[in-house]
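# Observations on the model geometry
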Amino acid sequence: PDPEPDLGAQRAYVQSVKDACKTLRVALVGKYTAVPDACLSVTEALRHAAAQNGARPEISLVDAGQITPETACGLLGGYDAIVVPGGYGDRGVDGMIAAARYARESATPFLAIGFGMQLAVVEAARNLLGIADAHTAEADPHTAHPVVRIPQDRVCQNDSRGATRMGGSGVRLMQGTLRELYGAEVVRERHANRYEVDPAYVPALEQKGFRLAGVSVEAGYPEAFVLEGHPFYAAVVYHPEYISRPGKAHPLFSHLVRSGLERK
């Protein structure tokens, strides 16, 4: 007969969910709020991290289309952490940028992923560097300051959209917060992106405390940023939610949860 499967890890995870006694309110800012499972991989990664830290997550889908600089505090002020996940298209972009600014200025723990990372960089360029018309070329192909764009060396000869980085690839982490969280200098993360942060803007952003925290091993593209002096603010172009597992939460989500709990 086949040996009995070892379910110890699964039982431990289920027990951690049952034992969780702290509440963590998380705002998931996006434009697909009418579809509860639109960001399922992100919500599950949050649940993994919450269980690992003894918390019960209350995750709310907040419509980016309703967020403006004037409404951000009212819509987001009651949350312990904010996440802006991946996506595409220009609908809701202004609200996501406003959410990134609110998280930065209010010291609310924050994680931006994929397209969310692009917009966090746009927010920093606009409000820290004073480039009012900075944008990502994905949302505004005609912007005069494309702080995020498709690198020329990645544009296919017969396809102006450029090649997409897909699947796992290496990320080299700079000395500091993210390397400490991961416990490694080089990590492997999942990617699904065509657009990259223009390295020309990085030195000026770093002077304002918006620090480059990781670059791609293969080509040196900016992969991650953190904000100095903030409880936890990370923006990553890759998708950490894809490799989070029950009982083995991704370190970015785990630290976001811990930072959120510390605010309470």
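Small disclaimer: the values here were computed from a predicted structure and weren't measured. (Residues numbered from 1 in each chain as written. Predicted model: local features only at pLDDT ≥ 70, side-chain atom pairs only at ≥ 80, totals over all residues. Heavy atoms only, no water.)

## Observations concerning helix α2 (residues 40–52)
Taking 1.5 Å per residue, 13 residues should reach 18 Å; α2 reaches 18 Å between its end C-alpha atoms and fits that length. Along α2, the positions that sit buried rather than exposed are V42, T43, A45, L46, H48, A49, A50 and A51. Next to the buried residues of α2 lie α1 (8–19), β1 (22–30), β2 (55–63), β3 (81–84) and α8 (251–263). Positive phi appears at G54, one or two residues downstream of α2, with a value of about 70°. (Helix = DSSP H or I, 4+ residues; strand = E, 2+ residues; numbered from the N terminus. Expected span 1.5 Å × (residues − 1). Buried < 20%, exposed > 50% of the residue type's maximum accessible area, 1.4 Å probe, protein only. Contact = heavy atoms within 4.5 Å.)

## Concerning helix α4 (residues 93–106)
Helix length check: α4 (14 residues) gives 20 Å between terminal C-alpha atoms against 20 Å at 1.5 Å per residue, within 8%. Counting buried residues in α4 gives ten out of 14 residues, a clear majority hidden from the surface. Taken together, the buried positions of α4 are occupied by V93, G95, M96, I97, A98, A99, A100, Y102, A103 and R104. Once α4 ends, the next one or two residues include A107, with phi positive near 60°.

## A short note on the packing of α4 against helix α5 (residues 115–127)
Close contact between α4 and α5 brings their axes to 9 Å; oriented N to C, the two are set at 65°. Judged by the inter-axis angle, α4 sits roughly perpendicular to α5. Considering how the two elements wind past one another, α4 and α5 form a crossing that is right-handed. Judged by residue contacts, V93, M96, I97, A100, R101 and R104 of α4 engage F115, L119, A120, V122, E123, R126 and N127 from α5. The residue makeup of the contact of α4 with α5, split by class, is eight nonpolar, one polar and four charged. (Axes fitted to C-alpha atoms, helices over the stretch in contact; angles between N-to-C directions. Parallel < 35°, antiparallel > 145°, perpendicular 65-115°, else oblique. Left-handed = near helix turned anticlockwise from the far one by under 90°. Nonpolar A, V, L, I, M, F, W, Y, C, P; charged D, E, K, R; others polar.)

## With respect to the pairing of strand β6 (residues 145–149)
Sheet topology places strand β5 (residues 134–136) next to β6; three bridges connect them, and they run parallel. Looking at the pairing, T136 lines up with V148 of β6. The sheet contact formed by β6 and strand β9 (residues 196–197) spans two bridges and is antiparallel. Looking across to β9, one finds that R149 is bridged to E196. (Pairing = 2+ DSSP bridges.)

## Describing the environment of Y13
Within the element layout of this structure, Y13 appears in helix α1. Owing to a relative accessible area of 17%, Y13 belongs among the buried residues under this scheme. C-alpha separation for the pair Y13 and K248, spaced 235 residues apart in sequence, amounts to 9.2 Å. If we ignore the near neighbours within four places in the chain, the residues touching Y13 are R47, H48, A51, P246 and G247.

## Re the pattern of salt bridges
If you walk through the whole model with that rule in mind, you get eleven salt bridges. Salt-bridge contacts for R211 lead to E206; the nearest nitrogen and oxygen are separated by 3.8 Å. Using a relative accessible area of 32% as the deciding quantity, one classes R211 as partly exposed. (Salt bridge = Lys/Arg side-chain N within 4 Å of Asp/Glu carboxyl O.)

The values reported here are purely geometric and, on their own, carry no functional implication.
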